[in-house]
Amino acid sequence: MNIMKRQLCSFPNRFFSTAKNVIKYNTIQDIRNKYITGTPLSMCTAYDFITATWVNRANCDLLLIGDSLAMTSLGYDSTITLSLNEFKYHVASVCRAEGSSMVVVDMPFGTFESGISDGLKNAIDIMKLHSKVTSVKVEVGSYTKDKYTMKFIEELCSRGIPVMAHIGLTPQKVHSLGGYKVQGNKSLSQMQELYETAMHLQKIGCWSILIECVPHKMAQFITSKLSVPTIGIGAGNGTSGQVLVISDLLGMQGDSVPKFVKQTVNMSDIATQGLKEYIANVEDGTFPERGTHTFKVKEELWNEFLSSINEK
Ligand code: KIV
């Protein structure tokens, strides 16, 4: 998708008033167009300006600012403890990175559970954090048991706030799910619920559905019945696209990752090795190297300085 080129070309025919070309990143329509061609969509999480720059440079279609950053980047032992204020800091940092990846932002636990109006206010606050924030993502349980979140999502969609719904394993509901477990594989009723939930979410206006940790047959079946893209994580290759958490993908915390991750590099080893080399260089005096890593002062000025000190 050459969004930058398309946007610049279409600028002379624009239908809005602005002093500059404002949309330089993938839109929901761009994502939809790619989905229609059947080409799998790529999505990856990012935590800050640096990781977001990598995701954008690699031309990932979508960038997720997921609340998993609480556990993978901030050291919490669940996503539940993350506050909206802490999260906002990360959203702002990610959005400062340039590039075409479309930004989707999680609604952390506690930002919508207390009431629809609180939830709407927080969703609006998140959308207002940066013009690049294109959609919120909301974790939701089954449509029969989690009627409240269904209603909340419906309210968001009806107000023009784009929603990617997140079903299957929803880490914010870890306690009611009884742990981080595969979903939609235990009983017929659980499988039917998962399917009906996805269909209902499409009906109430979600532009996309993220499916986490469900049997690949279920994810493929649901995808085939929907006309909005699905993004899978631990859901096999029958979804419309894939998402991974950047620290798992790039081995930022070593090589211990969930079963569904294909790690492409082990950055933790590379970083530790680089740091060990730095420490060795500092200790043996080979860093900093005079001439290469140092700055000069004119000899004449230096002598003048020494004499001025000696004179004192
Ligand atoms: O928070 C997150 O990063 C997520 C992914 C696991 C999909 O929701």
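As recorded in an unreviewed UniProt entry, the protein goes by the name 3-methyl-2-oxobutanoate hydroxymethyltransferase, listed as coming from Saccharomyces paradoxus. Word for word, the UniProt comment on the protein under Pathway (unreviewed entry) is "Cofactor biosynthesis; (R)-pantothenate biosynthesis; (R)-pantoate from 3-methyl-2-oxobutanoate: step 1/2." As recorded by UniProt, the Catalytic activity (unreviewed entry) comment attached to the protein reads in full: "(6R)-5,10-methylene-5,6,7,8-tetrahydrofolate + 3-methyl-2-oxobutanoate + H2O = 2-dehydropantoate + (6S)-5,6,7,8-tetrahydrofolate".

A. Structural detail: the site of the ligand. The environment of the ligand is made up of Thr45, Leu64, Gly66, Asp67, Ser68, Asp106, Lys137, His166, Leu210, Glu212, Ile233 and Val245. Asp67 is positioned such that a nitrogen or oxygen atom in its side chain is 3.1 Å from an oxygen atom of the ligand. Taking Lys137, its side chain carries an N or O atom lying 2.9 Å from an oxygen atom of the ligand. The fraction of the free accessible surface of the ligand (260 Å²) that becomes covered by protein chains is 96%. When atoms are counted within 2 Å of each cavity's grid points, the one that captures over half of the ligand is the largest pocket. Along the lines of polarity and charge, the residues of the shell around the ligand split into 4 nonpolar, 4 polar and 4 charged.

B. Looking closely at helix H7 (residues 147-158). Its 12 residues place the ends of H7 16 Å apart at the C-alpha level, agreeing with the 16 Å of an ideal helix rising 1.5 Å per residue. Looking only at H7, the buried set comprises Thr149, Met150, Phe152, Ile153, Glu155, Leu156 and Cys157. The inward-facing, buried residues of H7 contact helix H6 (116-128), strand E4 (133-139), strand E5 (163-168) and helix H9 (188-203). Just past H7, the residue Gly160 takes up positive phi, approximately 80°.

Reading the values: rules and limits
- Residues numbered from 1 in each chain as written.
- Predicted model: local features only at pLDDT ≥ 70, side-chain atom pairs only at ≥ 80, totals over all residues.
- Heavy atoms only, no water.
- UniProt positions renumbered as here; feature names shortened; annotations may be inferred.
- Near = heavy atom within 4 Å.
- Polar contact = N/O pair within 3.5 Å; in protein donor to acceptor, adjacent residues only side chain to side chain.
- Areas by Shrake-Rupley, 256 points an atom, 1.4 Å probe, with all protein chains shown as cover.
- 1 Å grid on protein atoms, 1.4 Å probe; cavity = no way out; pocket = protein on both sides within 12 Å on 5 of 7 lines; lining within 4 Å.
- Sits in = over half its atoms within 2 Å of the grid points.
- Nonpolar A, V, L, I, M, F, W, Y, C, P; charged D, E, K, R; others polar.
- Helix = DSSP H or I, 4+ residues; strand = E, 2+ residues; numbered from the N terminus.
- Expected span 1.5 Å × (residues − 1).
- Buried < 20%, exposed > 50% of the residue type's maximum accessible area, 1.4 Å probe, protein only.
- Contact = heavy atoms within 4.5 Å.

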